[in-house]
Amino acid sequence: MKAFFAALLFALCLNHSVAAAEIPDWIRSGLSAEPGEWAKRPAVVAYDSHGVSFSATGHIVDRRRTVLRFGTAAGFRYADLDFKYNPGSEKILTAKAWLIGKDGKVQRRFKRSDFTESFATYHSVMWDTQRVLYLNLSSQVTVGAYVAFEFEKESTDPTLETSHWVTRELPAHASTFEVSPPPNQTLQWYSTLSPALTPTSGDTPGSLRWTIGRTDKTPDDLPPESLPTVRAILVRCARPVGSEMDQSSWASLATAVSGVFAPATQPDDTVRAKATALTSGKTTRWERIRALCEFVQRDIRYIQITLDADYLAGIRPHRAPDVLKKRYGDCKDKAALLVSLLAVIGERSHMIVPNAGNPLAVVEAWPSANWFNHVIVGIVADNDTPPNWPISDVGALGKLVIFDPTDPVSPLGVLYSKDQGGFALLAAEKDGGLIKLPFDTPAQSTTKCQVTATLSSDLLLTVHLNTANQGTAGSESFGGRLFNGNVEYGRMLEKTLHNTMPRVNNFKWTDAWDSVVSRHTIDQHFDSPKYGKRLGVDRLIVQPRLLAPNFILPRLEITEGVIQFHARQIDERSSLKLPEGCTVTELPEPAKADRAHLSWDIACTSQNGELIYTAQIRQKSALADAKIYEEIRRERQELHDLLRRTATLTLAPKPIQPIAPKP
Amino acid sequence: MASLRSCFPCRVIRLLSLLLFFGLKTTSVLAAKEDFTWDTVTPEELAETAPKIEADVAAEALLFKVEIDDKFRVLGDVREYHTHQRYKIYDPERAARILSLADYSYASGNKSWTIRARLTLPSGETTEFDEKAFLERTVENKAGQRGLLALFRAKRTEKYLPLTGVERGAVLEIQAKWQAEIPETEIWMLQLPEIPVRKAEYRHWLRDSTRAEFKVMLYGLNGTKLETKVLDQSRYKIASATDLPAIHEEPFSGPANDYSAMTILSTTDKWTRYAYTFETDKKMQEKRAKDARNIFGGPWKVIAWNLNEYASRYADPTGRTKKLAAQICVNATTDEEKARLIHNHVLRMRQKYIAYAQRTPLREIITLASSLNDVLDFETQKRTFSDNDFLMLALALCKTQGLDAYFIALPDRTYFRFNIAIVSWHLFSRYALGIMIDGRWHFSSPHTEEVLPFEMLPMRNLAQVALVAQSAQEFIPIFMPPAELSRVALTGDFNLDSSGTLNGEGCLSLTGYPASDLRLTMRDLDEGARKKAAKEKFLSSNFEATTLEVGHIEGLDGIEEPLKIHFNLTWESYAVRTPNQLILKPSVFRSSAQTPFTASTRITSVVFPFRWIESDEVFINLPNDYTLDAPVGAPQYPGQAINYTLKLGYAQKEHRLILHRDYTVDCTELKSLGYPMLKKLHELIQQSDQNEIVLKAIAPASPATTSAQVEAVAP
């Protein structure tokens, strides 16, 4: 019996020591990282290694090992682990996690069956086969504790390409990225990190390893609208294994992508019939094209359904006849249908692949389909093309009018602001490649603001405000109207008026939209009592610029990334009819300037009992780093100071009322 | 092993599993075979071109109908639902977004869910969307689960109907049917955001209501427009309404039934069942028999009695609580002081527990309540405790000190206005202590996550009533704490230079609810994130300085003492410069603030979250080369419910402006009828806050000659 207990005890001890020894070395390495000054940070990456190995058969094994340390309760949310994969083309090899106390002892281990699997994309208009494995340990971690996890998946992607993104969501002590090529192959790489990192040899022949040193997280006060800097290491095999995507140059990639798109753009009888029906009665070329653009934009609902699971699933559009029949599709489906409809009426157009939302996302030096996230259309321009339309000169294929059929409000002739200014891939069998999409000029996004106001002798201001937004400004303004609805939009207008006018009575408004010129006109009527600043008995100080947007920008510390400014042309005219007998005693001087990013011409005059103020303001497009942002901020501050200068009026003396004798 | 395979329990388990499996399948098959019938879309409906109830809406619901049928099943009663919506579309682009036509997705473990849609175009062409039109995918399952277990496990699936092709003038109908367990409280909103409803109908067939403990009530909470009927000996409930406007969001809006017609159908059987559970306990049986005579009052008495039983059982003072209470209250001279000290002690303990739980791995234990000694020893227990455990401790400490303290249940006013006629324990969202001292109720909520001083209950539980846990039905009113307890004080000492730039330092001091809110936000953040939170939540939203740097933060761990945030600001071109004048707004902190009531119209009552006071004190040192141009007055709008005063002075010796601004909201709610007055008052306040004074340049040769004392002047 004693022997039995001794054996049991020995077995238990052995089991315990085995369990303790089961902590992999990489986790130990993470536990030994000294938190130092980062000890009180909410969460810190104590260890991070990313390994990728390519096989000769087009398989990629991608492994991520990470140890997180939690310094405060605010960091617990990072213990919510998730890992995306596509079961159609990817296989999970490993999914493990460890919960480790601050004493370095493993409290719990989690294996794959402890993870929950769900769909990765949940959106009202998106449906795909992507899945996510997740494990939420945020309620189990404590201050000073660690969570380690390892994910490994195998995918089939003959492009044999991978990347490592330095996201800087959390401070990291160090991270490594290692890529192994198939036997007898070499790797190509490109790094956007600054300063540039040079790899060393990895563990296997031909492999490369990058060691990224201690990096702090992105500053807390980075403006939310700033565009992030691309911080990535991009690696691929010198010779891919039979991929349809030849990424050796932008031209070859354009040909390959065109090959994927082409089958979807083939029209059938239904597409032909629709194109004919939509364009019947249209006399000019651009009228016909507009009819097709409007149909795809308005009558094909945006729904992204991706049922294919292979490596080209995200690129391959549905067939145009199917999209037409179902009346829904995503950006590439809509673009394919439009190209197909245009072809039926004899118009040449091309599908163009940009990165919507970040004009700096595409790295010119590294041809890859992975840079892009959207598909739009380029239609061949001619001499009748209005000059203020968005046009890209793409070389041998001529000039193209760029149109986004996915954006529901930007009509033909206006390019959605998020599509502007970046590199895009022109998908064409021949002469395609990387092109630059245009930025708006100020004349392509204009606002005309006319205020006609009357000031009565008891200082009641009666105002008619007419605002005409045209081009990109027009579509954006109309978009706000469309998405907010009648009641909410009216309330937004009232709220905006209150920014400059504390009292607003008898407010009424109407609006109109002209899609051909992308003009949204808003008429507002209201009155405001006790207007102006009364000084003494007869002086009144007023701002001749009665109502208009604020140009002030806050001072920001932009430590990385850029802030995008869109071009805008604003023409303002205010005429204020003064009360009987009122005279103007002081007016602001005219001001005119042409600065690097902003120009203005401001004048204020008085004639026939009216105070007339005019201003023409032009702002250019800009991608502003810290220096440029501060320049723009100063220019706008200067403009702001000029715009709110005051005029002094002298009111007519009120007739003296005879005092009735007391009875 | 062979014997195990054939053993009886194993066979029973397998049989039960198979029954369950086929039972589920049968339900699913039956539901899938459900027929959907469609009413004819009339030519008049198709011919309509404009909305009838509200102009310029994207769609109108011609019908919004909910039918519910409670059915008896051997494996448990079920509730069958059938919803039918018929929409007339006026603007497909907007309607697509509002109705989420492309988003008829839902996640449900309930395989009985079926849904159909029919689209009738203005031409009369009809498209029906049946099962084939759906896409389906698994919502979640345990990763790596394989084999028989995975087969038996009911998968949660999501269905998705890409529903498009809607044209202007089309009529879209959507019907859904599903089954579920009978909930204790069934709530439906019959109005829709941004879409008016021409006809809303709620029909409910109840199961046989002969069982005594089953009580059902149906209420239309909003209003005048909802008619209710009860037929078939109270078995058939109907609520209907016509021409309901769309729901539009408004600032300071109140409970959901303020802006939407709602039905609430409540059953009291669960609580009665709890009461029976208590009855099975012998001790309870005896106690109840003793108390039976004393349980009186209306239909809430069972709930009140049960709450009292819970409190008596788990807040029974122990020797240690007695000792602790004596230690806490050793210097207290009044009952109110005792109650306050106990509140603060338990609150600090609760906060300490939260911090402890963040540092220490704990065993998760779910119990109805823990023993008081365990709560006191939480640091040695290594297990989780609920917030109510701390409330029970506070109750026990109060009782020990002889205070007349009660466990009280609080309804949530953000859901719906409490209606004493709707009996359901689901209407209570939180619990607290009510302490009767010298004929006045005092309140304590030391157990919540937020740090609430004595007398303050969570915002969502204010301005209603509370049910007192005792052997009778008694509701007590819960008033909003006085405005003085929730103060937002801003002080600033600034210099204005000749260029019009303002710079200097200030302090934001918060007490009461605003402090509690920010303390909760900041508690788990590091210093940088705390400063960012303070800046975003209170400072940047109030004034638009060029730079604003948050400095020292004081009183983060306090309860009644203020939370203070110090800051420095620079505001370029704060004052407008003319050739010989500087025009500035002395109310620096409110100079760009806007009235919250900008809309001309208002549908619902204005419901304030709490009463509060804003008080600003600003000193501005004026540039030496400028002097006041003319005396200026500051308007004042004194009132009882909302009070606003602004005092502006000029200290000649220091050449500085002094501003005192007070704004008090001392009311709970204002009906929409009074909205125009409220709007006007706040517009006047905005005008007053943006009041400007004019400084004129002094010629270099001549020193300042005039410096008038500026007094507050009524308009």
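Residues numbered from 1 in each chain as written. Chains lettered and ligands numbered in written order. Predicted model: local features only at pLDDT ≥ 70, side-chain atom pairs only at ≥ 80, totals over all residues. Heavy atoms only, no water.

Some thoughts on the overall build of chain A
For clarity, the cut-off: Under the scheme used here, helices are H or I runs from DSSP no shorter than 4 residues and strands are E runs no shorter than 2 residues, and both carry numbers assigned from the N terminus. The contact rule is simple, with two residues in contact once any of their heavy atoms fall within 4.5 Å. To be clear on the numbers: accessible area is Shrake-Rupley with a 1.4 Å probe, and residue cover counts the displayed protein chains and nothing else. The charge count treats Lys and Arg as positive and Asp and Glu as negative. His and the chain ends do not count. Taken as the charge centre is NZ of Lys, CZ of Arg, CG of Asp or CD of Glu, depending on the residue.
Secondary structure summary: chain A contains nine helices and 38 strands in total. For chain A, the spread of C-alpha atoms along the three principal axes comes to 125 × 70 × 45 Å. The contacts in chain A between residues at least 6 apart in sequence include a share of 73% that link residues at least 24 apart. Accessible surface computed for chain A: about 29,400 Å², of which carbon and sulfur atoms make up 53%. Taken as two groups, the 75 positive and 73 negative side-chain charges of chain A have centres that lie 5 Å from each other.

What about the overall build of chain B?
Counting its secondary structure elements, chain B contains 17 helices and 32 strands. Of all intrachain contacts in chain B linking residues separated by at least 6 positions in sequence, the fraction that spans at least 24 positions is 74%. With the model as given, the accessible surface of chain B reaches about 32,300 Å², and the carbon-plus-sulfur share is 54%.

Concerning the packing of helix 8 (residues 472-500) of chain A against helix 4 (residues 92-99) of chain B
To keep things clear, this is the line we draw: Lines are fitted to the C-alpha atoms to define the axes, a helix being fitted only along its stretch in contact, and any angle between axes, read from their N-to-C directions, falls within 0 to 180 degrees. The scheme is simple: roughly parallel for angles under 35 degrees, roughly antiparallel for over 145, roughly perpendicular for 65 to 115, oblique for anything else. Each residue gets one of three labels, nonpolar for Ala, Val, Leu, Ile, Met, Phe, Trp, Tyr, Cys and Pro, charged for Asp, Glu, Lys and Arg, and polar for the others, Gly among them.
Contact geometry of helix 8 of chain A with helix 4 of chain B gives a least axis separation of 10 Å together with a crossing angle of 80°. Relative to helix 4 of chain B, the element helix 8 of chain A lies roughly perpendicular. Contacts from Leu482(A), Phe483(A), Asn484(A), Gly485(A) and Asn486(A) of helix 8 of chain A reach helix 4 of chain B at Glu93(B), Arg94(B) and Arg97(B). When the residues that make up the contact of helix 8 of chain A with helix 4 of chain B are grouped by side-chain class, the tally is two nonpolar, three polar and three charged.

Description of helix 4 of chain B
Put simply, the test is: Relative accessibility decides the category of a residue: with a 1.4 Å probe and only protein chains considered, values under 20% of the type maximum give buried, values over 50% give exposed, and everything between is partly exposed.
The buried fraction of helix 4 of chain B amounts to six of the eight residues, a majority that puts the element mostly inside the structure. On its buried side, helix 4 of chain B packs onto helix 5 (285-299), strand 16 (301-302) and helix 8 of chain A together with strand 1 (59-71), strand 2 (78-89) and strand 8 (171-181) of chain B. Of the residues one or two after helix 4 of chain B, Ser100(B) is the one with positive phi, at around 50°.

Structural notes on the interface of chain B and chain A
Filter applied, for reference: When two parts are put together, the accessible area they lose, computed with a 1.4 Å probe and summed over both, is reported as buried area. Just to be clear on terms, a salt bridge is a Lys or Arg side-chain nitrogen sitting within 4 Å of an Asp or Glu carboxyl oxygen. Whenever a nitrogen or oxygen atom comes within 3.5 Å of another N or O atom, the pair is scored as a polar contact, on the condition that within protein one atom can donate a hydrogen and the other can accept it, and that pairs from neighbouring residues in sequence are kept only if both atoms are in side chains.
On the side of chain A, 76 residues touch chain B, which itself brings 79 residues to the contact. Between chain B and chain A, the buried area comes to about 6,200 Å², and carbon and sulfur atoms account for 48% of it. Glu250(B) is the partner of Arg491(A) in a salt bridge, and the nearest nitrogen-oxygen pair spans 3.1 Å. Counting every contact that joins chain B to chain A gives 22 residue pairs in polar contact (both at pLDDT 80 or more). Elements represented by at least two residues in the side of chain B that touches chain A include exactly helix 4, strand 6 (135-142), strand 7 (156-160), helix 11 (335-359), helix 16 (527-539), strand 24 (576-578), strand 25 (581-584) and helix 17 (675-689) of chain B. Looking at the side of chain B that touches chain A, the element that brings in the most residues is strand 6 of chain B, giving eight residues. Grouping the constituent residues of the side of chain B that touches chain A by class yields 25 nonpolar, 25 polar and 29 charged.

Considering the packing of aromatic side chains
Let me state the cut-off plainly: Pairing of aromatic rings covers Phe, Tyr and Trp, the last through its six-membered ring, and needs centres within 6.5 Å; plane angles under 30 degrees mean stacked, over 60 mean edge-to-face, and all others mean tilted. By definition, being over a ring means that NZ of Lys or CZ of Arg is both within 6 Å of the ring centre and within 35 degrees of the ring normal.
Counted under the stated rule, the structure contains 40 aromatic pairs over all chains. Centre to centre, the rings of Tyr406(B) and Trp441(B) are 5.7 Å apart; their planes meet at 65°, and the pair counts as edge-to-face. Taken as a pair, Tyr406(B) in strand 15 (residues 404-411) and Trp441(B) in strand 17 (residues 440-444) lie far apart in primary sequence, 35 residues in all. Joined through ring pairs, the aromatic side chains of Phe252(B), Tyr513(B), Phe597(B), Phe608(B), Phe610(B), Trp612(B), Tyr663(B) and Tyr675(B) make up one cluster. The residue whose ring lies beneath Arg236(A) is Trp366(A), and the NZ or CZ to ring-centre distance is 4.2 Å. Directly above the ring of Trp286(A) sits Arg285(A), whose terminal nitrogen or CZ lies 4.6 Å from the centroid.

Comments concerning the sheet that holds strand 15 of chain B
Residues and elements named next belong to chain B. The condition that has to hold: Being paired, for any two strands, means DSSP has found at least two bridges between them.
Across the sheet, which stays open at both edges, the five strands sit in the order 17-16-15-18-19 with antiparallel pairing between neighbours. In this open sheet, the two edge strands, each paired with only one partner strand, are strand 17 and strand 19 (475-478). Ignoring strand direction, the axes of neighbouring strands in this sheet form an average angle of 40°. Note: strand 15 against strand 16 (residues 428-437), eight bridges, orientation antiparallel. From the neighbouring strand, Pro411 faces strand 16, where its bridge partner is Phe428. Against the sheet, helix 11 touches strand 16 and strand 17, its axis set at about 145° to strand 16.

What about the environment of Pro199(A)?
Residue and element names in this part refer to chain A. Within the secondary structure, Pro199 is located in the loop between strand 12 (187-191) and strand 13 (200-201). Overall, Pro199 belongs to the buried group, its relative accessible area being 15%. Each C-alpha atom, one on Pro199 and one on Trp189, is 9.4 Å from the other, the two residues being 10 residues apart in sequence. The contacts of Pro199, once residues within four sequence positions are left out, are Trp189, Leu208, Arg209 and Trp210.

Brief notes about the pairing of strand 30 (residues 656-665) of chain B
All names here are of chain B. Of all 10 residues making up strand 30, seven are buried, and the element is well covered by its neighbours. Sheet topology places strand 27 (residues 612-621) next to strand 30; 10 bridges connect them, and they run antiparallel. By the bridge assignment, Ile613 is partnered in strand 30 with Thr664. In this sheet, strand 30 lies alongside strand 29 (residues 642-651) in antiparallel orientation, the contact comprising 10 bridges. Residue pairing in the sheet places Ala651 in a bridge with Arg656 of strand 30. Taking the residues between adjacent antiparallel strands as the criterion, strand 29 and strand 30 are bridged by four residues, where His655 takes a positive phi near 55°.

What about unusual backbone geometry?
Here the amide bond leading from Ser194(A) into Pro195(A) is cis, since omega sits at 0°, within 30 degrees of zero. Relative to the elements of secondary structure, Pro195(A) occurs in the loop between strand 12 and strand 13. In the Ramachandran plot, Asp438(B) falls in the positive-phi region, its phi being about 50° despite a non-glycine side chain. Tracing the sequence through the fold places Asp438(B) in the loop between strand 16 and strand 17. We classify Asp438(B) as exposed; its relative accessible area is 80%. One non-glycine residue, Ser573(B), adopts positive backbone phi at about 50°. Since its relative accessible area comes to 11%, Ser573(B) is described here as buried.

Here we look at the environment of Glu610(A)
All names here are of chain A. By secondary structure assignment, the location of Glu610 is in strand 36 (residues 610-619). For the pair Glu610 and Pro405, spaced 205 residues apart in the sequence, the C-alpha separation amounts to 47 Å. Sequence-distant contacts of Glu610, defined by excluding residues within four places in its chain, comprise Ser575, Leu576, Lys577 and Thr605.

Comments concerning the sheet that holds strand 2 (residues 59-70) of chain A
Residue and element names in this part refer to chain A. Strands sit in the order 5-4-9-2-1-11-14-13 across an open sheet of eight strands; the sheet is mixed. Two strands close off the open sheet at either side, each with one partner strand: strand 5 (106-110) and strand 13. Where strand 4 (residues 90-100) meets strand 5, four bridges bridge the pair, whose relative direction is antiparallel. Paired with Leu99 across the strands is Arg108, a residue of strand 5.

A look at the pattern of salt bridges
One pass over the structure, following the stated rule, counts 64 salt bridges over all chains. For Arg64(A), the salt bridge goes to Asp48(A), with nearest N and O atoms at 3.1 Å. On the criterion of sequence distance, the pair formed by Arg64(A) in strand 2 and Asp48(A) in strand 1 (residues 43-54) is long-range, its members being 16 residues apart. The exposure class assigned to Asp48(A) is buried, which follows from its relative accessible area of 8%. Here the residues in one salt-bridge network are Arg481(A), Asp511(A), Asp56(B), Asp91(B) and Arg94(B), joined through shared partners.

Quick look at the confidence of the model for chain B
Predicted coordinates in areas of low pLDDT are best not read in detail. Residue and element names in this part refer to chain B. Convention followed: The pLDDT score gives, residue by residue, the confidence of the prediction method on a 0 to 100 scale.
Of the residues in chain B, 80% have a pLDDT of 70 or more, and the chain-wide mean is 81. This stretch, residues 209-214, has a pLDDT under 50; its non-local contacts, to residues over four places away or in other chains, come to nine contacts. Across residues 701-715, where pLDDT falls below 50, the model places 25 contacts with residues more than four positions away in sequence or in other chains. The complex model carries a pTM of 0.86, and its ipTM stands at 0.84.

Notes on the confidence of the model for chain A
Within chain A, residue pLDDT values average 90, and 95% of them lie at 70 or more. Contacts from residues 12-21 of chain A, a stretch scored under 50 in pLDDT, to residues over four places away or in other chains number three contacts.

As for the packing of helix 11 of chain B against helix 14 (residues 387-400) of chain B
All names here are of chain B. Rules: Crossings are assigned a handedness: left-handed for a near helix turned anticlockwise from the far helix by less than a right angle, right-handed for a clockwise turn.
Contact geometry of helix 11 with helix 14 gives a least axis separation of 10 Å together with a crossing angle of 155°. By the criterion of interaxial angle, the relationship of helix 11 to helix 14 is roughly antiparallel. Crossing of helix 11 over helix 14 shows right-handed handedness. On helix 14, the residues touching Ile342, Val346, Met349, Arg350 and Tyr353 of helix 11 are Asp387, Phe390, Leu393, Ala394, Leu397 and Cys398. Grouping the amino acids of the contact of helix 11 with helix 14 by side-chain chemistry returns nine nonpolar, no polar and two charged.

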